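In case you want the letters, here they are:
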Amino acid sequence: LLLGPPGTAKSLLATTFGKAINSSAMFQTQFNAFMAPESVFGPYNPKLLLEGKYERAVEGYMPTAEFAYLDELFNANKGILCTMNEVLNERVFKQGTQVVKCVAA
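Model, not experiment: these values are computed from the prediction.

Let us look at the packing of aromatic side chains. Enumeration over the complete set of coordinates arrives at four aromatic pairs. Taking the ring centre of Y44 as reference, the NZ or CZ of R56 above it sits at 4.2 Å.

The terminal C-alpha atoms of helix α4 (residues 78-90) lie 18 Å apart, and with 13 residues this matches the ideal 18 Å at 1.5 Å per residue to within 8%. Along α4, the positions that sit buried rather than exposed are I80, M84 and V87. Along its buried surface, α4 packs onto α2 (38-41), β2 (67-71) and β3 (92-95). Between the side-chain oxygen of the N-cap and the backbone nitrogen of G79 there are 3.1 Å, and the N-cap of α4 in question is N77. Looking one or two places after α4, you find R91, whose phi comes out positive at around 60°.

Along the chain, E55 turns up in the loop between α3 (46-50) and β2. Despite its burial, E55 pairs with no opposite charge; the closest candidate is K53, at 6.1 Å N-O. At 2.8 Å, the side chain of E55 forms a polar contact with the side chain of Q98. Ignoring anything within four residues of it in the chain, the contact list for E55 reads P43, Y44, N45, L48, Q95, G96, T97 and Q98.

Phi at E72 is positive, roughly 60°, even though this residue is not glycine. By the element assignment, E72 lies in the loop between β2 and α4. Even without a glycine there, the phi angle at R91 is positive, about 60°. Looking at where R91 falls in the secondary structure, it is placed in the loop between α4 and β3. R91 sits in the partly exposed class, given a relative accessible area of 46%.

The rules behind each value
Residues numbered from 1 in each chain as written. Predicted model: local features only at pLDDT ≥ 70, side-chain atom pairs only at ≥ 80, totals over all residues. Heavy atoms only, no water. Phe/Tyr/Trp six-rings, centres within 6.5 Å; stacked < 30°, edge-to-face > 60°. Lys NZ or Arg CZ within 6 Å of the ring centre and 35° of its normal. Helix = DSSP H or I, 4+ residues; strand = E, 2+ residues; numbered from the N terminus. Expected span 1.5 Å × (residues − 1). Buried < 20%, exposed > 50% of the residue type's maximum accessible area, 1.4 Å probe, protein only. Contact = heavy atoms within 4.5 Å. Polar contact = N/O pair within 3.5 Å; in protein donor to acceptor, adjacent residues only side chain to side chain. Lys, Arg positive; Asp, Glu negative; His and termini not counted. Salt bridge = Lys/Arg side-chain N within 4 Å of Asp/Glu carboxyl O.

What follows is the structure in structure tokens.
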């Protein structure tokens, strides 16, 4: 967690660190009040939706990332923050019948 005033290179430090550890599964996003959960956790899988299963296609999104840079997290809306709470505290993301272990949390 990096806290500080604007312009102190927090973003540069985080992204440089992510690249330095050679993380091929890096996730990066900047939160805002109007952001949809799909942009962080992945969209719902359309094939599974037709079967009545609400599971997200999480590959390439935060639940499967090795390194996650979450900029302006405190600006996120309540829907994302409630889900992020479990991801950050328990390191798991629940979707449908699956429980995805989050490495980057």
